[in-house]
There are 2 protein chains.
Amino acid sequence: MPPTTIARVLETSLYAEDLRAADHFYGTVLGLERIAFVEGRHVFFKCGAGVVLIFDPRTTATQPTTVNGAPVPLHGARGAGHIALAVADAELPAWRMHLRTNGIAIESEVTWPRGGRSLYMRDPAGNSVEIASPTLWGFQE
Amino acid sequence: MPPTTIARVLETSLYAEDLRAADHFYGTVLGLERIAFVEGRHVFFKCGAGVVLIFDPRTTATQPTTVNGAPVPLHGARGAGHIALAVADAELPAWRMHLRTNGIAIESEVTWPRGGRSLYMRDPAGNSVEIASPTLWGFQE
C-alpha cells in the first residue's frame, strides 16, 4: 500500500519547438501566469495550484542539467499531446467568442453524457487543448 | 483579455503502449484511483480535483471517435513525457521506501534552491515521473 494518498497533479507537461508561440498562446490568449522563460528550453505557467510546463524536446530530451549536483532526468515527446483546462460551464460562451476573436479555430465542441461541455482547439505546436467544465468528471466547478 | 481566469488543470495526459503495466504502476504502486480502463485505448485515474489520462498513442492518434455526434480530436505522442505528483515533504522518506519495496528505481533526487524535494522515477513506458513537495513551486502542501 502507498504510504499516503497523492494530493494532486503538480506539473503537467507539453512539448513545443516554438516556445515564443507557446508563450503567446498559453500566456496571452489563455491568460495563464508565466513564471519562467528560458530561451530554447522551456516556458512555465502557473495554473491553479499547479504548473503547466512547455518544453522544447530538442533540448530537454538531450541536454543533461543538474540542480545542487543531482541530475534532472531527461524527457521530451513528439507528436500531439493533450491537456484540459477547467473553466465553469457558464463561462464557455465567452471563451468561445474570445478564442474566435484571437483567431483560434474551435476544432470540436463536445457535450458529455453526464453533463459538462468541452471546447477543443490546437496550440501552435499541434497539441490538443481542451477547455472544459470540471463537471464532466464529476468535480465541482 | 481572456474572459475569466482558468481555474486549474483538469486533465493531464501521458502515453503508453502497455496499458496494463501503466495501470499497475499508477493504480497499484502510486495508488491513484482508477476510473476507466478501455483495453487497447486508455486507462484513466482521478488525482485530487483532476484526472491523469494514459493513452495508447497507436489508437488515439489514428482512430476517430465521436461523442453525441461531435468528434473527439486525435492526439498521441511518442517519447518520454513528464508529470509531477504532489505529496508533502515529510512523506517523501516513506515514499522512497515504498518505491524501493516495489522495485521502482529512484533515478534522481533533487533538493530545490527555494525548498522542496523531488524523487524521480520512470513509469513502465519510460515517462519521467516526479513525486514532489508543492513547496518547490511556492504552493502550500
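Thresholds applied
- Residues numbered from 1 in each chain as written.
- Chains lettered and ligands numbered in written order.
- Predicted model: local features only at pLDDT ≥ 70, side-chain atom pairs only at ≥ 80, totals over all residues.
- Helix = DSSP H or I, 4+ residues; strand = E, 2+ residues; numbered from the N terminus.
- Pairing = 2+ DSSP bridges.
- Axes fitted to C-alpha atoms, helices over the stretch in contact; angles between N-to-C directions.
- Contact = placed C-beta atoms within 7 Å.
- Least-squares fit on C-alpha atoms with pLDDT ≥ 70 in both.
- pLDDT = per-residue confidence, 0-100.
- Buried ≥ 20, exposed ≤ 12 C-beta atoms within 10 Å, placed from the backbone.
- Arc of directions from axis to C-beta.
- Nonpolar A, V, L, I, M, F, W, Y, C, P; charged D, E, K, R; others polar.
- Core = buried A, V, L, I, M, F, W, Y, C linked by C-beta atoms within 7 Å.
- Domains from an automatic or database assignment.

Draft legend 1. Spatial organisation of the overall build of chain A. When its secondary structure is counted, chain A shows three helices and eleven strands. Helices (α) and strands (β) of chain A occur, in sequence order from the N terminus, as β-α-β-β-β-α-β-β-β-β-α-β-β-β. On the principal axes, the C-alpha backbone points of chain A span a range of 50 × 45 × 25 Å.

Draft legend 2. Spatial organisation of the sheet that holds strand S8 (residues 82–86) of chain A. The mixed open sheet is built from eight strands, whose spatial order is S9(A)-S10(A)-S11(A)-S8(A)-S1(B)-S4(B)-S3(B)-S2(B). The open sheet has two edge strands, strand S9 (108–111) of chain A together with strand S2 (33–38) of chain B, and neither has a second partner. This sheet shows a mean twist of 20 degrees between the axes of neighbouring strands, independent of strand direction. Pairing between strand S10 (residues 117–122) of chain A and strand S11 (residues 128–132) of chain A: five bridges, direction antiparallel. Looking at the pairing, Tyr120(A) lines up with Glu130(A) of S11(A). Its contacts with the sheet place helix H3 (residues 92–101) of chain A against S10 and S11 of chain A, and it is angled at close to 15 degrees to S10(A).

Draft legend 3. Molecular detail of the relation of the copies chain B and chain A. It takes a turn of 180 degrees to lay chain B on chain A, together with a shift of 0.0 Å along the axis; the resulting RMSD is 0.0 Å. When the rotation and shift are considered jointly, the pair of chain copies conforms to a two-fold rotation axis. In this assembly the copies share their binding face: 100% of the residues contributing to the interface of chain B also contribute to that of chain A.

Draft legend 4. Focus on the confidence of the model for chain A. In the predicted model, chain A carries a mean pLDDT of 97, and 100% of its residues have values of at least 70. Quick note on the complex model: pTM equals 0.98, ipTM equals 0.98.

Draft legend 5. Quick peek at H3(A). Residue and element names in this part refer to chain A. Among all positions in H3, only Leu92, Trp95 and Leu99 are buried. Buried residues in H3, looked at end-on, bunch into an arc of 55 degrees, giving them a common side. In this structure, H3 carries Pro93, Met97, Arg100 and Thr101 as exposed residues pointing more than 90 degrees from its buried face. The inward-facing, buried residues of H3 contact S10 and S11.

Draft legend 6. Highlighting the pairing of strand S2 (residues 33–38) of chain A. Residue and element names in this part refer to chain A. Relative to strand S3 (residues 42–47), S2 runs antiparallel, the two being bridged by five bridges. When the sheet's bridge partners are listed, Glu33 is paired in S3 with Lys46. Joining the antiparallel neighbours S2 and S3 is a turn of three residues, in which Gly40 adopts a positive phi near 80 degrees.

Draft legend 7. How the structure looks around helix H1 (residues 19–29) of chain A. Residue and element names in this part refer to chain A. Within H1, burial applies to Leu19, Ala22, Phe25 and Tyr26. Buried residues in H1, looked at end-on, bunch into an arc of 125 degrees, giving them a common side. Among the structural elements, S3 and strand S4 (50–55) are those in contact with the buried residues of H1. Looking one or two residues beyond H1, the residue adopting positive phi is Gly31, at roughly 80 degrees.

Draft legend 8. Representation of the interface of chain B and chain A. Listed by partner, the interface residues are 59 residues for chain B and 59 residues for chain A. For the side of chain B that touches chain A, the element with the most residues is strand S1 (residues 8–15) of chain B, which contributes six residues. When its residues are assigned to classes, the side of chain B that touches chain A shows 35 nonpolar, 17 polar and seven charged. Here strand S7 (residues 76–80) of chain A runs beside strand S7 (residues 76–80) of chain B; their pairing, made up of five bridges, is antiparallel. Across the sheet, the residue bridging to Ala80(A) is Gly76(B), located in S7(B).

Draft legend 9. Molecular detail of the sheet that holds strand S1 (residues 8–15) of chain A. Spatially, S2(A)-S3(A)-S4(A)-S1(A)-S8(B)-S11(B)-S10(B)-S9(B) is the arrangement adopted by the eight strands of the open sheet, whose pairing is mixed. Bordering the open sheet on either side are S2 of chain A together with strand S9 (108–111) of chain B, each of which pairs with just one other strand. Shown here is a sheet whose adjacent strand axes are inclined to one another by a mean of 20 degrees, direction ignored. On top of the sheet, H1(A) reaches S2, S3 and S4 of chain A; it is set at about 10 degrees to S3(A), its chief contact.

Draft legend 10. Structural view of the nonpolar core. Core analysis: the biggest nonpolar cluster contains 80 residues, and Val52(A), Ile54(A), Leu85(A), Val52(B), Ile54(B) and Leu85(B) have the highest contact counts within it. Counting contributing residues per domain, this core is built from domain 1 (1–65) and domain 2 (80–141) of chain B, each supplying no fewer than three. Other than its neighbours up to four places away in sequence, Val52(B) contacts Val9(A), Thr12(B), Tyr26(B), Leu32(B), Phe45(B) and Cys47(B).

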